[in-house]
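Report on the structure
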Amino acid sequence: MRTFWKIAVYLVLIIGLFVVLAPFVYMLLTSLTGVAYTLPRPDEILSGNLSFDNYLEAWSRNNFQQYFLNSIFVASTTTVFALFFSSMTAYAFARFEFPLKELLFRLFLFTMMVPGVLNIIPQFTVLKSLGLVDTYRGLLLLYVGIGIAGNTFFLRGFFERIPRELDESVIIDGGSKWTIYRRIYLPLSKPALGTLAIFTFSGAWDEFFIALTVMKTEAKRTLPIALQLFQGQHATDWGLVFAASIIAIIPIILIFIIFQKSFVQSSTGEGAIKG
Amino acid sequence: MIGYRQRFAGNLFHNILFTFVSFFIIVCLVDSFIRPEKGVPVLQKKIAKNIRSKSSAYLKRIKARSRLHFKQWWSVLPFLLLGFLAVAVLVVYPLIKGVYMSFFEYNILFPKLSTFIGVENYSRIFHDPKILLALRNTLLYSLVTVPGQWIIGIFIAVLINAQFIKQKILFRTAFYIPVITSWVVVSFLFRYLFADGKYGLINFILYEKLHLLSQPISWLQNEWTALIVIWLLGIWKGVGWVMVIYLAALQSLPRNLYEAAEIDGANAVKMFRHLTLPLLKPTTLFIIINLLIGSFNVFIQVFLITDGGPMGKTEVLLSYMYKQAFKFTDFGYASAISVLMGVLIFLITWTQQKALGKEKIEF
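1. Here we look at the overall build of chain A
From N to C terminus, chain A includes 14 helices and zero strands. Each helix and strand of chain A, ordered N terminal to C terminal, gives the series α-α-α-α-α-α-α-α-α-α-α-α-α-α. Considering chain A as a whole, with its 275 residues, one finds that 45% of them fall into the buried category. Here the analysis covers contacts within chain A between residues at least 6 apart in sequence; of these, 74% occur between residues at least 24 apart.

Set out below in structure tokens:
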């Protein structure tokens, strides 16, 4: 009887695995079939005739490379700036005392509760009056600004667990708060910073709506929007779309597989909000 | 044209500057009257020691306290300034401005020409049949996907957690892949899988191979089948997240309770109902809140799979709001919708937070 249940459980899990992974496999196969029909027939796809034509075409069409580079630029810059600003702010909350500190922190927390998409309209008007629409500065500013509250919350907890004696060791040697920050807190929080970096990078890489709203010039747009462009007004060349999609998700999947543990931790960590 | 832009940029800067200066003044005023709870006791004692006469003692204390506070602000400012500024300008100010905008018929090209219309945007919301439809779709989405993700997620987590499963990491990673894949890509994927005609994969399987249907379904052309596609995507994508959190929580449950239950003759189902579920209550609450908030934010999959179609029947609150703003450039109306949505979500979060706060499980 025992064995029966064991097999049953394994069966259920394997079916689940299939349901979860099969769409990706099908997508991969579609992208590898030749460019024949716009909606490839399942017979064709499963026939095993592989070709990389779609990938070559996707890469060379529609300024795809430009979009890819743009995304790399935006995602990495966002990550660097977000980490920089958030860690400083977190350090301020963790190791300084000043009036209204908790009130301010609660304000930060409050901004986390509001779903990002709701704010996009007034944010757009703010950017517009600052003349930052359709500029990278504007997009980066918005990405970084939105993420600060959450990152600060995450890092503050981490910083507060670092023993204060280490601070004093720097003070004795005549260092300033800045030195403490630079030489103690930053190096010690590498794992937390790494987790945040992964989270920020993939968030910025996949981000769709703010990029769609803020960037108007074709040449400046990012990957998710480029993917949408592959959908024609008439019929869609699915092989092409998925070749492009796979190129777009490969960096993230790679990072995920390599840094698996941190990824999972970051989304179960304190205060992370799904959505 | 340049002068025009400078005039408007100046306007915004003046607004922000005014807000900050008044905020700063209020802060200084307020804390010269508030007794500080924390602060540096040593310094305070020193200050108290230095007070000579009793009549000027109070004034001196206030002065010294303000000096202390000013010093504290001065030393923290370089670290705090940039982050705080960014959040204030890009998140807090838009929140306030959003509410402000909702009372206007907002003119995005010439904001100064916006006409004040009071609560007209709000009353329009209550009379708009499309809003009702969007609300219905959003609520349906929550009602279907939240339990769907939760039930399947916790089920899978419990299964994977079983002792005899050796490939835990493999399963965990695999189920988590949809979670980390971009919404854009999975939206296209599902649109493709559920394509009309007999060559969409789902139709192919159900109609050609399994002969469960009498004809292939036009998934995205009909209201309810389109909604089903969106729901399935939501569940499919979220199950891994629920599973991962439960897996972590399950690892931390004490084994001896289960052994005791086994000795008492409980079977797996009984143990699950009376042991596992109650012990997991805090985790469950956390998950349900996040699933709820996430489900109210349904947007991108609707936008990319059906674009609200057919004929606006699958529109959800956020997609409708976005269209009002960026397609019909009715920013005022869209802002009113966003304000109401914000209030709704805030209320849900608030009530759940109260429930969450009271749960404390000891073992």
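What follows continues from the structure just given.
2. Some thoughts on the overall build of chain B
Helix and strand counts for chain B stand at 15 helices and two strands. Within chain B, the proportion of its 363 residues that are buried is 34%. Taking as baseline every contact in chain B between residues at least 6 positions apart, the subset at least 24 positions apart corresponds to 69%.

3. Examining the interface of chain A and chain B
With 73 residues of chain A in contact, the opposing surface of chain B contributes 79 residues. When residues of the side of chain A that touches chain B are assigned to their parent elements, the largest contribution, 12 residues, is made by helix α1 (residues 2-32) of chain A. Class assignment of the residues belonging to the side of chain A that touches chain B gives a composition of 49 nonpolar, 18 polar and six charged.

4. Some remarks on the domain arrangement of chain A
Domain annotation for chain A reports domain 1 (2-55) and domain 2 (63-229). Distance between the C-alpha centres of domain 1 of chain A and domain 2 of chain A: 38 Å.

5. Details of unusual backbone geometry
Only a minority of non-glycine residues have a phi that is not negative, and only a minority of peptide bonds are not trans. Phi at Asp-134 of chain A is positive, roughly 65°, even though this residue is not glycine. Along the polypeptide, Asp-134 of chain A turns up in the loop between α6 (120-129) and α7 (136-160). Exposure remark for Asp-134 of chain A: the 14 C-beta atoms within 10 Å place this residue in the partly exposed category. Even without being glycine, Thr-329 of chain B reaches a positive phi, approximately 45°.

6. Let's talk about the environment of His-211 of chain B
All names here are of chain B. Relative to the elements of secondary structure, His-211 occurs in the loop between α8 (201-209) and α9 (223-251). The class of His-211 is exposed, set by 8 C-beta atoms lying within 10 Å. Between the alpha carbons of His-211 and Phe-155 there is a distance of 30 Å; along the sequence they are 56 residues apart.

7. As for helix α3 (residues 57-101) of chain B
The first and last C-alpha atoms of α3 of chain B sit only 50 Å apart over 45 residues, clearly below the 66 Å expected at 1.5 Å per residue. Along α3 of chain B, the sharpest kink reaches roughly 65°, centred on Leu-77 of chain B and followed within four residues by the proline Pro-78 of chain B.

8. Notes on the confidence of the model for chain A
Averaged over every residue, the pLDDT of chain A is 80; residues scoring 70 or more account for 87%. Every residue in residues 266-275 of chain A is under pLDDT 50, and counting partners more than four places away or in other chains gives 26 contacts.

9. Concerning the packing of α1 of chain A against helix α13 (residues 238-258) of chain A
The packing of two helices is summarised by the inter-axis angle and the distance between the axes. Residues and elements named next belong to chain A. Contact geometry of α1 with α13 gives a least axis separation of 7 Å together with a crossing angle of 115°. Viewed along their axes, α1 and α13 form a crossing whose handedness is left-handed. The residues of α13 that touch α1, namely those facing Met-27, Leu-28, Thr-30 and Ser-31, are Trp-238, Gly-239, Phe-242, Ala-243 and Ile-246. Residue composition of the contact of α1 with α13, by class: six nonpolar, three polar and no charged.

10. Some words on the packing of helix α4 (residues 64-95) of chain A against helix α10 (residues 190-206) of chain A
All names here are of chain A. One way to put it is that α4 packs onto α10 with a least axis distance of 8 Å and a crossing angle of 140°. By the angle between their axes, α4 is oblique relative to α10. In this structure, α4 meets α10 at a crossing whose hand is right-handed. Facing α4, whose interface residues are Ser-71, Val-74, Ala-75, Ser-76, Thr-78, Thr-79, Ala-82, Leu-83 and Ser-87, α10 presents Leu-193, Leu-196, Ala-197, Thr-200, Phe-201, Ala-204 and Trp-205. In the contact of α4 with α10, the residues fall into 10 nonpolar, six polar and no charged.

11. As for the confidence of the model for chain B
Residues and elements named next belong to chain B. The predicted model of chain B has a mean per-residue pLDDT of 80, with 82% of residues at 70 or higher. Model confidence for chain B, summarised as mean pLDDT per element, is weakest for helix α1 (residues 2-31) at 54 and strongest for helix α5 (residues 129-161) at 92. Note that pLDDT drops below 50 for residues 1-10; the model gives that stretch five contacts with residues more than four away or on any other chain. When the criterion is pLDDT under 50, residues 34-39 qualifies, and its contacts beyond four places in sequence or with other chains add up to five contacts. Per the prediction output, this complex has pTM 0.78; the corresponding ipTM is 0.81.

12. Description of the nonpolar core
Most often, soluble globular proteins have nonpolar side chains that are buried together. Of all hydrophobic cores here, the largest spans 154 residues; its most connected members are Leu-142 and Ala-244 of chain A together with Val-87, Val-229, Met-243, Tyr-246 and Val-316 of chain B. Sort the elements by how many residues they give to this core and α9 of chain B lands first, with 15 residues. Not counting chain neighbours up to four residues away, the residues in contact with Val-87 of chain B comprise Phe-108, Thr-111, Gly-145, Ile-148 and Ala-149 of chain A together with Val-92 of chain B.

13. Some details on the environment of Asn-161 of chain B
All names here are of chain B. Tracing the sequence through the fold places Asn-161 in helix α5. For Asn-161, a count of 17 C-beta atoms within 10 Å translates into the label partly exposed. Asn-161 sits 19 residues away from Ser-142 along the chain, and the two C-alpha atoms are 27 Å apart. Setting aside chain neighbours within four positions, we find Asn-161 in contact with Leu-247 and Leu-250.

14. Quick word on the environment of Asn-151 of chain A
Residues and elements named next belong to chain A. If you trace the backbone, Asn-151 turns up in helix α7. What makes Asn-151 buried here is the crowd of 24 C-beta atoms within 10 Å. Setting aside residues no more than four positions away along its own chain, Asn-151 makes contact with Ala-82, Ser-86 and Leu-196.

Calculation notes
Residues numbered from 1 in each chain as written. Chains lettered and ligands numbered in written order. Predicted model: local features only at pLDDT ≥ 70, side-chain atom pairs only at ≥ 80, totals over all residues. Helix = DSSP H or I, 4+ residues; strand = E, 2+ residues; numbered from the N terminus. Buried ≥ 20, exposed ≤ 12 C-beta atoms within 10 Å, placed from the backbone. Contact = placed C-beta atoms within 7 Å. Nonpolar A, V, L, I, M, F, W, Y, C, P; charged D, E, K, R; others polar. Domains from an automatic or database assignment. Expected span 1.5 Å × (residues − 1). Bend = angle between axes of the 7 residues up to and from the residue. pLDDT = per-residue confidence, 0-100. Axes fitted to C-alpha atoms, helices over the stretch in contact; angles between N-to-C directions. Left-handed = near helix turned anticlockwise from the far one by under 90°. Parallel < 35°, antiparallel > 145°, perpendicular 65-115°, else oblique. Core = buried A, V, L, I, M, F, W, Y, C linked by C-beta atoms within 7 Å.

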